[in-house]
Amino acid sequence: MSTDTSAPEPGRPVVLRRGKVLTMDDAHDMLDDADVLVMDDRIAGVGPDLDAPAEAFEIDASGGIVMPGMVDTHRHMWQTALRGYGADWTLAQYFTWFYLEWGKIFRPQDVHAGNLLSAIESLDAGVTTTVDWSHGLQTIDHADAALDALQAVPGRFVFAYGNLQQGPWEWATSPDFRSFVERRLDGRDDMLGFQMAFDVTGDPEFPEKAAFEVARELGVAVTTHAGVWGATNDDGIRLMHEHGFMTPENVYVHAATLEEDSYYRIAATGGSASVSTESEQSAGQGYPPTWRLRKHGIPVSLSMDTSTWWSCDLFSAMRSTLGADRSREHLEAHTRQGTVTHHHLRAEQVVDWATRGGSKALGLDSIVGSLEEGKKADVVLIKNDDSPAMFPVLHPYGHVAFQTQRGDVHTVIVDGRVVKHAHRLVGLDLGAARRAVEETVEFAMRELGDEEWISGMHPEIPETQVYENPYQYTEYKGRERA
Ligand SMILES: [Zn+2]
């Protein structure tokens with residue numbers, strides 16, 4: 001058997017040996033010193049000392065953690081072309097930029113560039129299934145470009161079609177959209193999912209009804225930004241419910257600024273929430289809602305939203321979600337003069353949300369989300385012998401949520417194919433993505449001009465009030481020393 005560090009060719013069996021295996025099966029079985037065998041596109045075995053074919057490529061997982069590929073249920077992948085640009089934005093600045101400024105001029109190749117980089121980034125970080133919440137599809141050419149990029153990368157993607165420049169009742173009912181679906185999405189396999197992505201404004205006329213009807217006719221799920229302060233609210237949820245469009249397939253993104261009544265409606269109709277904690281914390285959609293969703297028994301998946309602002313790996317999502325949930329529980333207790341002595345939300349739960357939570361939300365749970373014999377082989381090995389943060393591994397769920405970074409992702413397998421090995425991408429053209437993104441950045445800077453480019457990145461800072469301090473430093477300093 002081979003133990004060299006060059007990656008195996010597609011089709012060759014792979015066995016990961018002697019890792020701590022987080023199966024994420026229904027019982028959350030965790031196996032010490034166990035193997036995972038991948039044959040063709042499937043998991044052929046999970047357990048100690050597995051028999052593997054002589055030609056199997058062996059990966060030493062000792063000291064590492066083997067877990068299912070992670071699932072991100074909401075990412076605007078096209079926006080990755082301008083990674084980090086909006087670090088200091090609020091939601092208001094985001095809307096201005098993507099609806100009125102950059103949103104007016106970006107081209108199909110800019111969507112392609114963003115999607116290509118984002119798709120590669122997902123695999124590098126162990127995110128084997130990513131929902132491309134693609135609401136920049138102003139034309140069918142943009143849609144073709146977005147999908148071309150996803151199909152150029154050997155990850156599992158769900159193409160969530162949207163167009164923020166039109167009402168969903170317009171684009172979803174257009175012949176162009178319908179022929180695109182027939183041409184590009186009929187006959188898709190389990191490497192490519194399809195959702196419709198649009199928001200419900202709460203307009204009492206409920207114009208979004210026409211788009212929901214198209215989704216129902218096509219048999220695709222709707223993903224919708226719900227409970228976003230200043231944008232979508234309880235009226236949208238109520239209208240969806242009253243018109244019979246709340247179904248278990250629906251994904252409610254953020255679900256932050258909502259009354260209990262909306263959570264009752266979501267829980268009763270079986271939908272799930274996609275929580276983007278880093279996003280909610282700094283953009284202002286509302287407090288990251290897991291501390292409330294848990295009380296309603298609403299299923300949760302995790303997402304990173306957009307790398308225009310934030311990181312796009314699910315380690316960050318798990319970490320920030322644990323922090324926000326626990327932070328809120330402490331704060332609520334303190335307002336009652338109480339003390340939280342035991343946390344409700346555990347590291348194990350957020351690892352579940354990052355894997356099974358996503359596969360369930362997307363209707364892919366019989367295919368991916370856990371390491372079980374017969375499921376498709378989407379597998380991640382976390383192991384970094386050069387990192388002082390990678391040992392000891394005492395609490396593997398905690399290690400994934402709080403200690404691990406994307407650089408610690410050693411191996412990634414999607415659909416049985418090794419796409420990252422020994423910390424290096426395999427068969428992915430990062431150079432092409434880099435050149436495409438550089439071209440997009442140059443275009444954006446040129447078209448917008450220096451002033452708009454710079455002011456878009458650095459919004460004005462509101463005046464800061466500094467309290468008048470009743471204590472004087474000089475008084476303190478002037479005390480006699482004993
Ligand atoms: Zn979003």
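From a predicted model like this one, the values you see are computed outputs, not experimental measurements.

Each value, and the rule that gives it
Residues numbered from 1 in each chain as written. Predicted model: local features only at pLDDT ≥ 70, side-chain atom pairs only at ≥ 80, totals over all residues. Heavy atoms only, no water. Helix = DSSP H or I, 4+ residues; strand = E, 2+ residues; numbered from the N terminus. Rg over C-alpha atoms; globule rule 2.2 N^0.38 Å. Buried < 20%, exposed > 50% of the residue type's maximum accessible area, 1.4 Å probe, protein only. Contact = heavy atoms within 4.5 Å. Axes fitted to C-alpha atoms, helices over the stretch in contact; angles between N-to-C directions. Parallel < 35°, antiparallel > 145°, perpendicular 65-115°, else oblique. Nonpolar A, V, L, I, M, F, W, Y, C, P; charged D, E, K, R; others polar. Donors = N, O, S within 2.8 Å, 3.2 Å for Na, K, Ca; no water. Tetrahedral: all angles 85-135°; square planar, octahedral: opposite > 155°, others 65-115°. Core = buried A, V, L, I, M, F, W, Y, C linked by side-chain atoms within 4.5 Å. Salt bridge = Lys/Arg side-chain N within 4 Å of Asp/Glu carboxyl O. Pairing = 2+ DSSP bridges. Lys, Arg positive; Asp, Glu negative; His and termini not counted.

(A) Local environment of the overall build of the chain. Assigned secondary structure in the chain consists of 15 helices and 17 strands. Taken against the 2.2 N^0.38 rule, which gives 23 Å for 482 residues, the C-alpha radius of gyration of the chain at 23 Å falls within 12% of a compact globule. Dimensions of the chain, computed from the C-alpha atoms along their principal axes, are close to 85 × 70 × 50 Å. Within the chain, the proportion of its 482 residues that are buried is 56%. Sequence separation of 24 or more characterises 75% of the internal contacts of the chain that already satisfy a separation of 6 or more.

(B) Layout of the packing of helix 11 (residues 314-335) against helix 13 (residues 396-403). For the pair helix 11 and helix 13, the least separation of the axes is 7 Å and the interaxial angle reads 95°. Accordingly, the angle class assigned to the pair helix 11 and helix 13 is roughly perpendicular. In this structure, helix 11 uses Phe315, Met318, Arg319, Leu322 and Arg326 to contact helix 13, whose residues at the interface are Val400, Ala401, Phe402 and Gln403. For the contact of helix 11 with helix 13, the per-class residue count stands at six nonpolar, one polar and two charged.

(C) Spatial organisation of unusual backbone geometry. In this structure, the amide linkage connecting Phe391 to the following residue, Pro392, adopts the cis form with an omega of -5°. Mapped onto the elements, Pro392 comes out in the loop between strand 14 (379-382) and helix 13. Phi at His28 is positive, roughly 55°, even though this residue is not glycine. Locating His28 in the fold gives a position in the loop between strand 1 (14-22) and strand 2 (30-39). Phi angles above zero are rare outside glycine, and Asp305 is one such case at about 70°. The residue Asp305 is located in the loop between strand 13 (300-302) and helix 11 in this model. Overall, Asp305 belongs to the buried group, its relative accessible area being 5%.

(D) Inspection of the coordination of the zinc ion at higher detail. Looking at the zinc ion, the protein donor atoms are His74 (NE2), His76 (NE2), His225 (NE2) and Asp305 (OD), and they sit 2.1 to 2.6 Å from it. Coordination at the zinc ion is irregular, judged from the four donor atoms that bind it and the angles of 80 to 171° they form at the metal. Taken in chain order, the donor set of the zinc ion reads H-x1-H-x148-H-x79-D. Note that His225 is positioned in strand 10 (residues 221-226) and Asp305 in the loop between strand 13 and helix 11, a separation of 80 residues in sequence. Of the two residues, His225 and Asp305, both sit in the buried class.

(E) Representation of the nonpolar core in the model. Core analysis: the largest hydrophobic core is formed by 107 residues, its most contacted members being Trp97, Trp102, Phe159, Tyr161, Met196, Met318 and Val400. Counting residues per element, this core draws most heavily on helix 2 (residues 108-124), which supplies seven residues. With sequence-adjacent residues up to four places away left out, Met196 is seen in contact with Tyr161, Trp171, Ala172, Phe177, Ala211, Val214, Ala215, Leu218, Val220, Ala221, Val222 and Thr223. Val14, Val36, Ile59 and Val66 belong to the second-largest nonpolar core, a separate cluster that totals 17 residues.

(F) Molecular detail of the pattern of salt bridges. This model, assessed by the stated rule, comprises 37 salt bridges. Between Arg107 and Glu439 there is a salt bridge whose closest N-O contact spans 3.2 Å. In this pair, Arg107 sits in the loop between helix 1 (91-105) and helix 2 while Glu439 sits in helix 14 (residues 430-457), placing the two residues 332 residues apart along the sequence. One salt bridge in this structure joins Lys376 and Asp190, with 3.0 Å as the shortest N-O distance. One end of the pair, Lys376, is in the loop between helix 12 (347-361) and strand 14; the other, Asp190, is in the loop between helix 5 (175-185) and strand 9 (192-197), with 186 residues separating them in the sequence. Among the residues examined, Lys376 registers a relative accessible area of 7% and is labelled buried. Ionic contacts of the salt-bridge type, sharing partners, join the residues Asp41, Arg42, Arg156, Asp190, Lys376, Asp378 and Asp415 into one network.

(G) The arrangement of the pairing of strand 14 in detail. Of the two faces of strand 14, the one lined by Val379 and Leu381 and the one lined by Val380 and Ile382 are each fully buried. Sheet topology places strand 5 (residues 65-68) next to strand 14; four bridges connect them, and they run antiparallel. Note on strand 14: the bridge partner recorded for Met67 is Val380. Pairing between strand 14 and strand 15 (residues 409-414): four bridges, direction antiparallel. Paired with Val379 across the bridge in strand 15 is Ile413.

(H) Up close: the side chain of Glu208. Following the sequence through the fold, Glu208 ends up in the loop between strand 9 and helix 6 (209-218). Among buried Asp, Glu, Lys and Arg side chains, Glu208 stands out as unpaired, with Arg238 the closest opposite charge at 11 Å. The residues contacting Glu208, other than those within four sequence positions of it, are Pro168, Trp169, Phe198, Asp199, Val200 and Thr201.

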